[in-house]
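So the chains spell out like this:
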Amino acid sequence: MENSWEEMIDDESVDKEELFFKLRDMYMALLKHLYNDPKDIPEFRLYFCLEKRTLSEGSRRGYPVMMLMHRTNKTETFTVRDVSEIENFENSYTWYQNNLFIVFDFRAEGISPLQFISNTFCNEFFRQLEAFGMKKLKIAHMYESLISTGVVQFFYGFYSLDINLIQTLSALTYEGHYIDCLLYFPKYDSQGERRTKKKGLDVAFSEQILFSNDNLRQIRKMVEMSDKHLALSISETGKIRGMTLSGPYPNECMVRIWGHLSWTITYEDGEKISYYNARYHLHAKNTEQWHISQSPEILPWDLDDGQREKLETIIRSATNQRHGTILIISDPETNEKESERLVEARSATGIGEIDLHENPELIGALTSIDGALLMDYNCVCQCIGAILDGDAVTKGSPARGARYNSTVNYIRRRAQLDETYIGIVVSEDGMIDAVTKDRVYRLNLRN
């Protein structure tokens, strides 16, 4: 039936192209809900099969296809004999229904939760289209539910990892404290290197412990032995077999639970997805990352290699603050004046001068309270717990939260007053951003 799209629309004033744009725009809104920064959304392309064709008809007559870019209204129409002829098809996700298909090309390689999320989105979109018609399509209130369903399906299918159990575990306390632990899960039916009691474990349990909802009390006690360095290793049969200080094997994903209903999963070549503030956050795959010690353009002062390396050491130490923190860096004179101003305004706590590079053991304590830590580029600190004040001078990013937005606004507001600062924002999910008056840099602190 060649007019199948029009029949689904149930509105003579709307053509199939408008339906495609509506689907694209709803999908874009879903991705904005998933990524912290809209700039991180992959440059996806959508390919719509324009007419119903069986496999035999398609091989004989071909499939008419319309390609739609994600940020423009430009379309392109062509014919393929087989859906696999579509560019980058091997790394794309394809949704089929009644001899029609849509191909989601994320311009990336490998499989990811995004493909499963796309499946749940398409299923709901066409369920509503068939049940209520185009005028009554409403999906915005379901974005988090659709995302959650896709994430659960991906990790259970590829790692036998029950996300609902991770969620439950992150909500439990032990003697009044929430979890801060590390877990490794092997990829399902993987042929890669495996851990055994004689290989890859620093502590091997003589009796393995079932990792399931039926055993929450014992699991909650066991994770008290873990931290962000010492991981519990889960076997292919879903049991805790021991503990390891080594990093994850190539066939394993890494789950870091770092607080109440807060966790991050690292999988497939360093891909990451986090859950916090009641939302999933998919980390950008291709975001450019910078090293302060190797990228002098980040710092507005003429510093030598030793000074930059010391600053990076301080920032690296601050990332150990599991709830995140802010460092505000300036020249010594500006740091002293600003510290005095904030303390006199009772917007910060003043302290005697401390060289943080010589006293790194204090960084955890000094960044544990709410507010920012002020320091100069020689690592001297005189002020902690600072509330970053100032009128709003820049457009915020609601997805990034108060810590990020207040830092961006503060840095740019002070720049209008001819004061030079950079801000280091350590997010709860492990992202580290360097904020300057002109742009934001994503920092990479891996050795």
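What you see is a predicted model; the values in this text were computed from it and never measured.

## Thoughts on the confidence of the model for the chain
- On average, the chain scores 87 in pLDDT, and the residues at 70 or more come to 93%.
- For the chain, the element scoring lowest by mean pLDDT is strand β14 (residues 289–290), at 64; strand β8 (residues 231–234) scores highest, at 96.

## Brief notes about the pairing of strand β18 (residues 380–386)
- Burial of β18 is extensive: seven of the seven residues sit out of reach of the surface.
- Pairing between strand β16 (residues 349–355) and β18: four bridges, direction antiparallel. Along β18, the bridge assignment pairs isoleucine 354 with cysteine 381.
- Two elements, strand β17 (residues 372–376) and β18, share three bridges in a ladder whose sense is antiparallel.

## Quick look at the sheet that holds strand β12 (residues 271–276)
- Reading across the sheet, the eight strands line up as β7-β9-β8-β6-β10-β11-β12-β13 and stay open at both edges, with mixed pairing between neighbours. Of all strands in the sheet, those with a lone pairing partner are β7 (203–210) and β13 (279–282), marking the two edges. Strand-to-strand, the axes of this sheet are offset by a mean angle of 20°, without reference to chain direction.
- Strand contacts of helix α5 (residues 143–159): β6 (181–186), β10 (252–259), β11 (262–267), β12 and β13, with the helix running at about 65° to β13, the strand carrying the most contacts.

## Details of the pairing of β8
- Residue alternation in β8 divides its side chains into two sets, Ala231 and Ser233 and Leu232 and Ile234, and both sets are buried.
- Relative to strand β9 (residues 239–244), β8 is paired through four bridges, and the arrangement is antiparallel. Bridging across to β9, leucine 232 finds its partner in methionine 243.
- Hairpin connection from β8 to β9: four residues lie between these consecutive antiparallel strands, with glycine 238 at a positive phi of about 80°.

## Quick notes on the nonpolar core
- In this structure, Phe125, Phe155, Leu161, Leu183, Phe211 and Ile265 are the most contacted members of the largest nonpolar core, which totals 87 residues.
- Here this core takes 10 residues from helix α2 (residues 16–34), the largest share from any one element.
- The contact partners of phenylalanine 211, leaving out residues within four places of it in the chain, are Leu165, Ile166, Leu169, Leu183, Phe185, Ile219, Ile234, Gly238, Lys239 and Ile240.
- Residues Ile292, Ile298, Ile315 and Ile424 belong to the second largest nonpolar core, which totals 28 residues.

## Brief notes about the environment of isoleucine 326
- You can see isoleucine 326 is positioned in strand β15 (residues 325–330).
- Note on isoleucine 326: relative accessible area 7%, which makes it buried.
- Sequence-distant contacts of isoleucine 326, defined by excluding residues within four places in its chain, comprise Ala372, Leu373, Leu388, Arg403, Ser406, Thr407 and Ile424.

## A closer look at the sheet that holds strand β4 (residues 93–97)
- Strand order in this open sheet of five strands is β3-β2-β1-β5-β4, and the pairing throughout is antiparallel. Sheet topology places β3 (75–80) and β4 at the edges, where each strand pairs with a single neighbour. The average undirected angle you get between the axes of adjacent strands in this sheet is 20°.
- Relative to β3, strand β2 (residues 63–69) runs antiparallel, the two sharing six bridges. Within β3, the residue paired with tyrosine 63 across the bridge is valine 80.
- Against the sheet, α2 contacts β1 (45–49), β2, β3 and β5 (100–105), and its axis sits at roughly 45° relative to β2.
- Lying over the sheet, helix α4 (residues 113–132) contacts β4 and β5, oriented at roughly 25° with respect to β4.

The rules behind the values
Residues numbered from 1 in each chain as written. Predicted model: local features only at pLDDT ≥ 70, side-chain atom pairs only at ≥ 80, totals over all residues. Heavy atoms only, no water. pLDDT = per-residue confidence, 0-100. Helix = DSSP H or I, 4+ residues; strand = E, 2+ residues; numbered from the N terminus. Buried < 20%, exposed > 50% of the residue type's maximum accessible area, 1.4 Å probe, protein only. Pairing = 2+ DSSP bridges. Axes fitted to C-alpha atoms, helices over the stretch in contact; angles between N-to-C directions. Contact = heavy atoms within 4.5 Å. Core = buried A, V, L, I, M, F, W, Y, C linked by side-chain atoms within 4.5 Å.

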